[in-house]
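Working through the structure, step by step
Residue strings, one per chain:
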Amino acid sequence: MSAVIGIDVGGSTTKIVGYTDGGKLISVLKVEAADPLTSAYGALGKFINENNLTLPEVKQIILTGVGSSLFKKEVYGIPTSKVDEFEAIGLGGLALSGKKEGLIVSMGTGTAFVRAGKDGIRHIGGSGVGGGTVLGLCSKLCGATSFKTVVEMAAGGSLQRVDLNIGDISKGIIPTLSADTTASNFGKMEDGASHNDLALGILNMAFQTIGMMAVFACRNDSVKDVVLTGTLTLVPCAKKVFNALHKMHGVNFIIPQNAIYATATGAALSYLYKNGTKNDGK
C-alpha cells in the first residue's frame, strides 16, 4: 500500500490524515507535545506504526498549519511539500461536508473564515476569538488549565446567572428575537455565579461571536452553508448555540464527521487532487 499523509502542525497539537494514493481514507490521528517539531515527528511515527506502514510506503507528506514553517527539509527522508493553510481549510471543509461551496470556519486557537467553492478558495478574514480565548479566560476566571477541564466545568454551569437575555430587560414581544436571546454576554453576573457558570458563559460567548461573524459574512454572499471545523467543534454546547443561530438567521451550520481533522484532510487532498485522484474526503 502506498500512502499520502496530510499533517496539520499546530503550536503543540498535530493532526494527521492518511489516504491511499487511490484516495481511500486510512485513518486519522492527533498527538500533543511541547513543541511543533516534536509533535509532528511523534505523530507521524505513531501513525506509521499504528497502521502497519513502512517509511518507503509513504509516497508523500504534505504539511500545513502555523508550525509547518519550522520544517526545512524532508521528513524522515520522505518527499515532503507544503500547502497554504487556508487552501487546506477550504478543501478539507468542502470534502468532509460534501458541499460544493460554503463558508469554512476553522475554530482553533483563533478563528479563520474561508470562502470555498467553484470560484476558488479565499481567506475572507479572521478573529482572535477562539480556543485560546476560552482557555485563557477560564484559566484566570475559573482556575481551569486544560480544555478538558473547561468542558467538564461548563457541563455543570448555567447561563442564567451570567448572561443578560432579552427577557431580562423587555417584557414586550420582539418579533425577530426570542426571550432567551443573549442581550449581553456576562451582562448579568450574579454574585452566586459559580466557576461552572463562568466556564459555560465563556464558551457561549466564543461560539456566539464566531457564529455571528459567519452570519454577517453570509449576508454579503449567496452561500448559506457554514462548515464548522477545528477542535472547538467537539464541545457539546457548540451545537446548541449554532442551532439557535440557524433558527434566528437561516444560516446552515454544519459540523461534519472528523471536523477537527479538516485542515489535515485538505492538505492530503491538495496532493491527491493535483495528481488526478477523485475523492470525497471521507
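To start, this report covers the structure provided alongside it. The numbers attached to residues start from 1 for each chain and follow its sequence in the written order. Local features in a predicted model are, by the rule used here, given only for residues with pLDDT of at least 70; side-chain atom pairs are given and counted only at 80 or more, and totals for whole chains, interfaces and linings are based on all residues. Calculation of side-chain values draws on the structure's entire complement of heavy atoms; hydrogens and water are dropped beforehand.

1. Examining the pattern of salt bridges
Within this document, salt bridges are pairs made up of a side-chain nitrogen of Lys or Arg and a carboxyl oxygen of Asp or Glu, the two lying within 4 Å of each other. Going through the model one piece at a time under the given rule, you end up with eight salt bridges. Asp197 is the salt-bridge partner of Arg161, the closest N and O atoms lying 2.7 Å from each other. Placement of Arg161 in the loop between helix 4 (147–155) and strand 9 (164–165) and of Asp197 in helix 6 (residues 195–219) is noted, with a sequence separation of 36 residues between them. A relative accessible area of 31% places Arg161 in the partly exposed class. One continuous salt-bridge network, built from bridges that share partners, spans Glu101, Arg115, Lys118 and Asp221. We count a stretch as a helix when DSSP gives it H or I for four or more residues in a row; a strand needs E for two or more, and each element gets its number in order from the N terminus. Throughout, exposure labels follow a simple rule: accessible area from a 1.4 Å probe, protein chains only, divided by the maximum for the residue type, with under 20% read as buried, over 50% as exposed, and the rest as partly exposed.

2. Structural notes on the nonpolar core
As used here, the term nonpolar core means buried Ala, Val, Leu, Ile, Met, Phe, Trp, Tyr and Cys residues forming a set that is joined through side-chain atoms within 4.5 Å. The biggest cluster of nonpolar side chains holds 34 residues, and the ones touching the most others in it are Val105, Phe207, Val226 and Phe253. Sorting the residues of this core by element identifies strand 6 (102–107), helix 3 (131–141), helix 4, helix 6, strand 11 (225–229) and helix 7 (237–249) as the ones contributing at least two each. Residues are treated as being in contact if the distance between any of their heavy atoms lies within 4.5 Å. Beyond its immediate sequence surroundings of up to four residues, Phe207 is in contact with Met107, Leu232, Val235, Cys237, Ala238, Val241, Phe242 and Leu245. Judged by nonpolar contacts, the second largest core, of 19 residues, contains Ala3, Val9, Leu29 and Ile61.

3. Focus: the packing of aromatic side chains
The geometry of two aromatic rings is summed up by the distance between their centres and the angle between their planes. Between 30 and 60 degrees the pair is tilted, below 30 it is stacked and above 60 it is edge-to-face, where a pair is any two Phe, Tyr or Trp rings, Trp via its six-membered ring, whose centres lie within 6.5 Å. Counting across every chain of the model gives four aromatic pairs. Relative to Tyr76, the ring of Tyr41 lies with its centre 5.0 Å away and its plane at 80°, an arrangement referred to as edge-to-face. In this pair, Tyr41 is assigned in helix 1 (residues 36–50) and Tyr76 in the loop between strand 4 (58–64) and strand 5 (80–82), connecting sequence segments 35 residues apart. A relative accessible area of 24% places Tyr41 in the partly exposed class. Using a relative accessible area of 40% as the deciding quantity, one classes Tyr76 as partly exposed. Measuring from centroid to centroid gives 5.6 Å for Phe207 and Phe242, while their planes differ by 65°, and the two rings are edge-to-face. On the criterion of sequence distance, the pair formed by Phe207 in helix 6 and Phe242 in helix 7 is long-range, its members being 35 residues apart. Exposure class is identical for Phe207 and Phe242. Each is buried. One aromatic cluster in this structure is built from Tyr41, Phe71 and Tyr76.

These figures come from the coordinates and say nothing about function on their own.
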